[in-house]
Amino acid sequence: MIKERILVIGACGQIGVELTLALRKKYGNDTVVASDLREENPLLRGTGPYVTLDVMNKEMLHVMVIRQNITQIYLLAAILSATGEKNPNLAWSLNMESLLNVLEIARDENVQKVFWPSSIAVFGPSSPKVNCPQQTIIEPVTVYGISKYAGEFWCNYYHHRYGVDVRSIRYPGLISYKSQPGGGTTDYAVEIFYDAKEKGSYECFLKEDTYLPMMYMPDAIRATIELMEAPAENLTVHTSYNVHGMSFSPKEISVEIRKHMEDFTITYNPDYRQPIAESWPQSIDDSTARRDWGWKPEYDLAGMTEDMLKNIK
Ligand code: NAD
Ligand code: SER
């Protein structure tokens, strides 16, 4: 039997910290090598091996994969939607080169499985707004969305052409309290909780009626691990799976927060992120993920809000 050795790239980011901790809990601390460009996140310290790694340096990555006997890679390094619009060239090169480096090394070495996240940002203004299906018109208008769309088809290509077992989820906006979000359009749904606790008010950069698909981090981590553990023969999608958690607007989340903090107030000052949000669907049809690997979210808006407020100090 193969001894699994898992490499998480981008382990200090919003998803990486929680995913690394969950993988270590499940498979053993020493099985999971965390890596990132930046300093080790304090929550990871002392929980398992950590290496500083630039995923753009293919030779270093290749040597690491061989030396550490890596059998699975979770690639989380990326530039997200809002930051991507400020520096499109950087977003394109990081998001594409990192994926191609990982796919090539996985093909050439003993890497059995790769996880790479796509996003609801693959969809564009011509995609259906409500219950956006797995397969539909996909015409993204952000550089981030274009990189996710191209990335999905690179994953599909490496699967069909070289047999690389690469799996992917189109994450919605992710809400969490353990590590901060890294420059996305959905970040307001995290910021709002911190400002509610610190100031009792929040100025939102999206309009009050902007509905977006969202998911609470525990569901996102579970979805990731469930997909990676699903039998290969059950998987029919080799681009990226739609998954749904919840859908709400800034106004709706503010009403939910007010149920716990009656003095909380919200104001709206939409900026360059408003058109990005408006280009995405409001909700997602995830029936293919439910059928293929049994996906089912646990958290709704009320459950997520209660848990966030309980955990943010
Ligand atoms: P993040 O920005 O919080 O974390 C990314 C991490 O990658 C950071 O710690 C950063 O230091 C690291 N990194 C950047 N450049 C690197 C490099 N050259 N080499 C090594 N590490 C590098 O992002 P996240 O929110 O954790 O997202 C992870 C993945 O999930 C991304 O692909 C993102 O597109 C996708 N995703 C995230 C969300 C979300 O809401 N957070 C939603 C949809 C998809
Ligand atoms: N949360 C991400 C963003 O807003 C969606 O991929 O960029």
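Residues numbered from 1 in each chain as written. Chains lettered and ligands numbered in written order. Predicted model: local features only at pLDDT ≥ 70, side-chain atom pairs only at ≥ 80, totals over all residues. Heavy atoms only, no water.

In this section: the pattern of salt bridges. Applying the stated rule across the entire model yields 16 salt bridges. Of the charged contacts, one joins lysine 58 and glutamate 104 as a salt bridge, the two residues approaching to 2.3 Å between their closest N and O atoms. Placement of the pair is lysine 58 in helix H2 (residues 58-67) and glutamate 104 in helix H4 (residues 88-108), with a sequence separation of 46 residues. Residue glutamate 104 is classed as partly exposed on the basis of its relative accessible area of 24%. (Salt bridge = Lys/Arg side-chain N within 4 Å of Asp/Glu carboxyl O. Helix = DSSP H or I, 4+ residues; strand = E, 2+ residues; numbered from the N terminus. Buried < 20%, exposed > 50% of the residue type's maximum accessible area, 1.4 Å probe, protein only.)

The next subject is the environment of proline 49. You can see proline 49 is positioned in the loop between strand E2 (32-36) and strand E3 (50-52). Through-space distance from the C-alpha of proline 49 to that of asparagine 29 is 7.7 Å; in sequence the pair is 20 residues apart. Setting aside residues up to four positions removed in sequence, proline 49 forms contacts with Arg24, Asn29, Asp30, Val32, Val33 and Ala34. (Contact = heavy atoms within 4.5 Å.)

A few words now on the pairing of strand E1 (residues 6-9). Every second residue of E1 is oriented toward a common face, with Ile6 and Val8 on one face and Leu7 and Ile9 on the other, all of them buried. In this structure, E1 lies alongside E2, joined through four bridges in parallel fashion. Among the inter-strand pairings, valine 8 is bridged to a residue of E2, identified as alanine 34. Handedness of the crossover joining E1 and E2 through helix H1 (residues 14-27) is recorded here as right-handed. Of the pairings in the sheet, the one linking E1 to strand E4 (residues 72-75) comprises four bridges and is parallel in character. (Pairing = 2+ DSSP bridges. Right-handed = clockwise from strand over helix to strand, strands pointing away.)

So, on to the packing of H1 against helix H7 (residues 217-229). How two helices sit against one another is set out by the angle between their axes and by the gap between those axes. With their axes 10 Å apart at the nearest point, H1 and H7 run at an angle of 55 degrees to one another. Our classification of the angle between H1 and H7 gives oblique. At the point where H1 passes H7, the crossing takes the right-handed sense. Residues Gln14, Ile15, Glu18, Leu19, Ala22, Leu23, Lys26 and Tyr27 of H1 form the contact with H7, whose participating residues are Met217, Ile221, Thr224, Ile225 and Glu229. For the contact of H1 with H7, the class distribution of residues is eight nonpolar, two polar and three charged. (Axes fitted to C-alpha atoms, helices over the stretch in contact; angles between N-to-C directions. Parallel < 35°, antiparallel > 145°, perpendicular 65-115°, else oblique. Left-handed = near helix turned anticlockwise from the far one by under 90°. Nonpolar A, V, L, I, M, F, W, Y, C, P; charged D, E, K, R; others polar.)

What surrounds ligand 1 is a group of 28 residues, the closest being Gln14, Asp36, Asp54, Tyr144 and Lys148. Aspartate 36 has a polar side-chain atom sitting 2.6 Å from an oxygen atom of ligand 1. At 3.0 Å from an oxygen atom of ligand 1 is found a side-chain nitrogen or oxygen belonging to arginine 38. Out of a free accessible area of 830 Å², ligand 1 has 93% covered by protein chains. Elements with a contribution of two residues or more to the shell around ligand 1: H1, strand E6 (118-119), helix H5 (143-162) and strand E9 (173-175). Residue composition of the shell around ligand 1, by class: 16 nonpolar, eight polar and four charged. (Near = heavy atom within 4 Å. Polar contact = N/O pair within 3.5 Å; in protein donor to acceptor, adjacent residues only side chain to side chain. Areas by Shrake-Rupley, 256 points an atom, 1.4 Å probe, with all protein chains shown as cover.)

What follows deals with the site of ligand 2. As a matter of local geometry, ligand 2 sits amid Leu80, Ser81, Ser119, Tyr144, Gly173, Gly184, Thr185, Thr186 and Trp280. Taking tyrosine 144, its side chain carries an N or O atom lying 2.8 Å from an oxygen atom of ligand 2. Within the contact set of ligand 2, a nitrogen atom lies 2.6 Å away from a side-chain nitrogen or oxygen of threonine 186. Protein burial of ligand 2: of its 230 Å² of free accessible surface, 93% is covered by the chains. A per-class count over the shell around ligand 2 returns three nonpolar, six polar and no charged.

With that settled, the discussion passes to the packing of aromatic side chains. Tallying each qualifying case throughout the model produces 12 aromatic pairs. Pairing tyrosine 149 with phenylalanine 153 gives two aromatic rings, centres 5.3 Å apart and planes at 80 degrees, and the pair type is edge-to-face. Pair noted here: tyrosine 149 and phenylalanine 153 are both in helix H5, with a separation of four residues, about one helical turn. Of the residues examined, tyrosine 149 reaches a relative accessible area of 30% and is grouped as partly exposed. Since its relative accessible area comes to 42%, phenylalanine 153 is described here as partly exposed. An angle of 90 degrees between the planes, with centres 6.3 Å apart, marks the rings of tyrosine 188 and phenylalanine 205 as edge-to-face. Of this pair, tyrosine 188 sits in helix H6 (residues 188-198) while phenylalanine 205 sits in the loop between strand E10 (201-204) and strand E11 (212-216), and the two are 17 residues apart along the sequence. For tyrosine 188, a relative accessible area of 0% puts it in the buried group. Judged by relative accessible area, which is 5%, phenylalanine 205 ranks as buried. Here the aromatic residues Trp154, Tyr157, Tyr158 and Tyr162 are joined through ring pairs into a cluster of three or more. (Phe/Tyr/Trp six-rings, centres within 6.5 Å; stacked < 30°, edge-to-face > 60°.)

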